[in-house]
Amino acid sequence: MNFTSPRRRFASAAVAGIALTGLLSACGGSDSGDDAAAKSGPVTLPFWGWANGQEAVVKAFNASHQDVQLKYTKVTDQLTMQKQLTNAVKAGNAPCLVQNTAEYVTSWVSQGALADITRYVEGEKDKFNTGSWASAQVQGKMYGVPTSSAPQFTIYRTDIFKKYGLKPPATWDDFIAAGKELKKHGIKITNYAGEDPSTLEVLAMQAGAHWYEIDGDAWKVNFQDEGTLQAAKVIQEIIDNDLNAKLSFADYAAVQRSFDTGATATRQISTWQMAGMVQNFTKSFGDWALAPWPTYKGEAPKTPAGTNLTGSVTLVTEQCKNKEQAAQAALWMSTNQDAVKTMASPETGNGVMPALKDSESYVGESISQKLLGKNYEPAQKVVTDSLGTVTTDWTFGPNWTAMFTELQAGWAKVVSKEQKVTDLLAHMQEWTVKDLKSRGISVKG
């Protein structure tokens, strides 16, 4: 899928009415009351993030607020964020606000690192779309404010498809068939980076898989359900037939060059990834168009919830002494019109779709006319339509970070043909159950 890192996402880890005990192991306590004890006067809130455009948003916030100021620190990327936040939490000096992505929320809640800010933000729920709101939620409680939605689609080289008489693939069967035709001409239809198993995750998500579910008072783990095996079949056929490039995002320039020169002809992406294409291409501006995400044969359109910056949230930490002010600042950054426009633009921000209920109104600003050329207008409908088919029932487990690291190691072997996708899934089933049990978390599977 050509994602630069594990994502993600804007799926729900919330299941109402179930106690956290046993499901998330040792969790954080209630609000310490520091908000009430906070001194009157200007409050400074440390804020860590990595997204382009955040510094401008922070500057605008500070200019419009006298009593609360944000102190911004830019972190390299989301994986670095997890490491730095771990160290900060242990040292007792975590920032008040943290940019993160949906798959990490449950893990951080299980470690007691996040604050329950439900009472500060629940009145704003109607401003956000349902899936995005769920991304900051665990067990019906809010631990942050959503910042982005997750439209997903295919972007493809129109000149290459036209030259070889191909149509944009409507199904995964079409995708594989197009890949076999392009292979005859020395062109790869997609790129599978060996360090990034997002491909397996999002195709499983699209097929209705559930790697984690809450079943009664325990977690249920299933890496071998029907949906996951359906995804595995598609991926395995692409790999077995050598239809994919194997370029690592460690050499980001080489990945972008592969698309720009036509060595690789499609990507399944979201709006934010267009920014990297615009910033790195020199040859193919105007040759790209959007098409809906391929479906499984016989199934209605359904797009996975996406990865990385799609499904971002601004989280409030338990160690923050001014939780109410932090929650209000997070709300401002996600709802202020100018702030939202800054982040939505691929020029000033990351081209992320906002988490707001009226996300459709920002579609035109979040995609690049320079990249798409004459295909810019029809592309807007593709993005808008994809917003209505996004998966909203995917759950991230309490050991997601550790699980994904293990998955990465196995995925590298899949891409290099050292093992089959089904071998990796069997291993992940056994490993994940064992890991959860070792953490004292109740699990079935």
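Whatever comes next refers back to the structure up there.
Heads up: these notes are all about the structure in this document. What you see is a predicted model; the values in this text were computed from it and never measured.

Reading the values: rules and limits
- Residues numbered from 1 in each chain as written.
- Predicted model: local features only at pLDDT ≥ 70, side-chain atom pairs only at ≥ 80, totals over all residues.
- Heavy atoms only, no water.
- Helix = DSSP H or I, 4+ residues; strand = E, 2+ residues; numbered from the N terminus.
- Buried < 20%, exposed > 50% of the residue type's maximum accessible area, 1.4 Å probe, protein only.
- Contact = heavy atoms within 4.5 Å.
- Areas by Shrake-Rupley, 256 points an atom, 1.4 Å probe, with all protein chains shown as cover.
- Phe/Tyr/Trp six-rings, centres within 6.5 Å; stacked < 30°, edge-to-face > 60°.
- Lys NZ or Arg CZ within 6 Å of the ring centre and 35° of its normal.
- Pairing = 2+ DSSP bridges.
- Axes fitted to C-alpha atoms, helices over the stretch in contact; angles between N-to-C directions.
- Salt bridge = Lys/Arg side-chain N within 4 Å of Asp/Glu carboxyl O.
- Expected span 1.5 Å × (residues − 1).
- Arc of directions from axis to C-beta.
- Nonpolar A, V, L, I, M, F, W, Y, C, P; charged D, E, K, R; others polar.
- Polar contact = N/O pair within 3.5 Å; in protein donor to acceptor, adjacent residues only side chain to side chain.

### Regarding the overall build of the protein
Alright, step 1. Along the backbone of the protein there are 19 helices and 15 strands.
Alright, step 2. In the protein, which comprises 445 residues, the share counted as buried stands at 58%.
Alright, step 3. For the protein, long-range pairs separated by at least 24 residues make up 79% of all intrachain contacts whose partners lie at least 6 apart in sequence.
Alright, step 4. Looking at the protein as shown, the accessible area adds up to about 17,300 Å², and 49% of this sits on carbon and sulfur atoms.

### Looking at the packing of aromatic side chains
Alright, step 1. Tallied over the entire structure, the rule returns 20 aromatic pairs.
Alright, step 2. Ring geometry for W211 and W400: centres 6.4 Å apart, planes at 20°, overall stacked. Of the two residues, W211 is situated in the loop between α9 (198-206) and β9 (212-215) and W400 in helix α18 (residues 400-415); the sequence distance between them amounts to 189 residues. This pair shows no difference in class: W211 is buried, exactly as W400 is.
Alright, step 3. One aromatic cluster is present, built from ring pairs that chain together W211, Y212, W219, F223, W394, F396, W400 and F404.
Alright, step 4. Note that K370 overlies the ring of F285, its terminal NZ or CZ placed 4.5 Å from the centroid.

### A look at the sheet that holds strand β14 (residues 312-316)
Across a sheet, strands are paired by hydrogen bonds formed along the backbone, either parallel or antiparallel in direction.
Alright, step 1. Taken in spatial order, the 5 strands make up an open sheet running β2-β1-β3-β14-β6, and their pairing is mixed. Single-partner strands in this sheet number two, and they are β2 (68-74) and β6 (144-146). With direction set aside, neighbouring strand axes in the sheet form an average angle of 25°.
Alright, step 2. Two elements, strand β3 (residues 97-101) and β14, share 5 bridges in a ladder whose sense is antiparallel. Directly across from N100, in β14, lies its bridge partner V313.

### A few points about the sheet that holds strand β7 (residues 153-157)
Alright, step 1. Pairing within the open sheet is antiparallel, and its 3 strands lie in the order β12-β7-β13. Taken across any chain shown, the strands that pair with only one partner, and hence form the sheet edges, are β12 (266-269) and β13 (288-292). Adjacent strand axes in the sheet meet at a mean angle of 25° when their direction is disregarded.
Alright, step 2. Sheet topology places β7 next to β13; 5 bridges connect them, and they run antiparallel.

### Notes on the pattern of salt bridges
Alright, step 1. Counted by the stated rule, this structure contains 9 salt bridges.
Alright, step 2. Between K420 and D240 there is a salt bridge, and its shortest N-O distance comes to 3.5 Å. Separated by 180 residues along the polypeptide, K420 in the loop between α18 and α19 (421-438) and D240 in helix α10 (residues 226-240) bring together distant segments of the chain.
Alright, step 3. Overall, the relative accessible area of 38% leaves D240 in the partly exposed class.

### Quick word on helix α8 (residues 172-183)
Alright, step 1. In this model α8 runs 16 Å from its N-terminal to its C-terminal C-alpha over 12 residues, within 8% of the 16 Å that 1.5 Å per residue would give.
Alright, step 2. Taken together, the buried positions of α8 are occupied by W172, F175, I176, A178, G179 and L182. Projection of α8 onto a plane perpendicular to its axis shows the buried side chains occupying an angular sector of 165°, all on one side.
Alright, step 3. Each element contacted by the buried residues of α8 is listed here: α7 (158-163), β8 (190-191), α9, α10 and β12.

### Remarks on the packing of helix α13 (residues 323-335) against helix α14 (residues 337-344)
Axes are the key here: two packed helices are described by the angle between their axes and the distance separating the axes.
Alright, step 1. Where α13 meets α14, the axes come as close as 5 Å, and the angle between the chain directions of the two elements is 65°. Taken together, the residues of α14 that come into contact with α13 (itself represented by W332, M333, S334 and T335) are Q337, A339 and V340.
Alright, step 2. Per-class residue counts for the contact of α13 with α14 are 4 nonpolar, 3 polar and no charged.

### With respect to helix α2 (residues 54-64)
Alright, step 1. Those residues of α2 that fall on the buried side of the exposure criterion are Q54, V57, V58 and F61. Each buried residue of α2 lies within a common arc of 100° when the element is viewed along its axis, so the set occupies one face. Away from the buried face of α2 by more than 90 degrees, exposed residues E55, K59 and A63 are located.
Alright, step 2. Where the residues of α2 are buried, they touch β1 (43-49), β2, β3, α13 and α14.

### Comments concerning the environment of A265
Alright, step 1. Mapped onto the fold, A265 is located in the loop between α11 (252-260) and β12.
Alright, step 2. Judged by its relative accessible area of 0%, A265 falls in the buried class.
Alright, step 3. Sequence separation between A265 and L182 is 83 residues, and the spatial gap between their C-alpha atoms is 8.5 Å.

### Concerning unusual backbone geometry
Alright, step 1. Phi is positive for Q139, which is not a glycine, with a value near 55°.
Alright, step 2. For Q139, the location among the structural elements is in the loop between β4 (137-138) and β5 (141-142).
Alright, step 3. One non-glycine residue, D242, lies in the positive phi region at around 55°.
Alright, step 4. When you line up the elements, D242 lands in the loop between α10 and β11 (244-245).
Alright, step 5. For D242, a relative accessible area of 29% corresponds to the partly exposed category.

### Points about the packing of α10 against α19
Alright, step 1. In the contact formed by α10 and α19, the axes pass within 9 Å of each other and the chain directions differ by 145°. Contacts from T228, L229, A232, I235 and Q236 of α10 reach α19 at V421, T422 and L425.
Alright, step 2. For the contact of α10 with α19, the class distribution of residues is 5 nonpolar, 3 polar and no charged.

### Focus on the environment of G144
Alright, step 1. With respect to the helices and strands, the residue G144 is situated in strand β6.
Alright, step 2. Between the C-alpha atom of G144 and that of W133, which follows or precedes it by 11 residues, the distance is 9.3 Å.
Alright, step 3. Look past the residues within four positions of G144 in its chain and what remains in contact with it is I117, A136, T314, L315 and V316.

### Some remarks on the environment of S284
Alright, step 1. Looking at where S284 falls in the secondary structure, it is placed in the loop between α12 (273-280) and β13.
Alright, step 2. Taking the C-alpha atoms as reference, S284 lies 8.4 Å from R157; in sequence the two are 127 residues apart.
Alright, step 3. If we ignore the near neighbours within four places in the chain, the residues touching S284 are R157, F259, D260 and L371.
Alright, step 4. Looking at S284, its side chain comes within polar contact range of the side chain of D260, at 2.7 Å.

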